[in-house]
Amino acid sequence: KKQDPALLTKYDLSSLRALFLAGEPLDEPTAQWISQGLQGKPIIDNYWQTETGWPILSIANGVEAKPSKFGSPGIAMYGYRLRIDGSQSKRSGRY
């Protein structure tokens, strides 16, 4: 985020269809910054753990294109049923 997003316009990015990120969660301000530099190309964050060997939350554009939301890693991937669990959460009975 320390670099000017115009730095990315110095390079030919016409073949770039989307930017997929992994690792640390992508916060909304950083996503906005990189989006400016990539001139509207989709920014796709995901959440996974080494133990799963596959994203748990993501947008699977190759299967079913959905819009990304900055600050969100996406939706539950195939084979996962996810829920928020904590002392303050209320279970809906749907899993």
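Just above sits the structure.
Calculation criteria
- Residues numbered from 1 in each chain as written.
- Predicted model: local features only at pLDDT ≥ 70, side-chain atom pairs only at ≥ 80, totals over all residues.
- Heavy atoms only, no water.
- Helix = DSSP H or I, 4+ residues; strand = E, 2+ residues; numbered from the N terminus.
- Buried < 20%, exposed > 50% of the residue type's maximum accessible area, 1.4 Å probe, protein only.
- Contact = heavy atoms within 4.5 Å.
- Areas by Shrake-Rupley, 256 points an atom, 1.4 Å probe, with all protein chains shown as cover.

S.K.: For this particular structure, what's the right way to read the overall build of the chain?
M.R.: The helix and strand inventory of the chain stands at 1 helix and 4 strands. For the chain, the sequential pattern of α-helices and β-strands runs β-α-β-β-β. Taken over 95 residues, the chain has a buried fraction of 20%. In the chain, the share of contacts with a sequence separation of at least 24, taken over all contacts with a separation of at least 6, comes to 46%. Looking at the chain as shown, the accessible area adds up to about 7600 Å², and 53% of this sits on carbon and sulfur atoms.

S.K.: For this particular structure, what's the right way to read the side chain of Asn46?
M.R.: Among the structural elements, Asn46 can be located in the loop between β2 (43–44) and β3 (57–58). Accessibility expressed as a relative area gives 12% for Asn46, which makes it buried. Not counting residues within four places of it along the chain, the set of residues in contact with Asn46 comprises Leu21, Ala22, Pro55, Leu57, Ser58 and Pro73.

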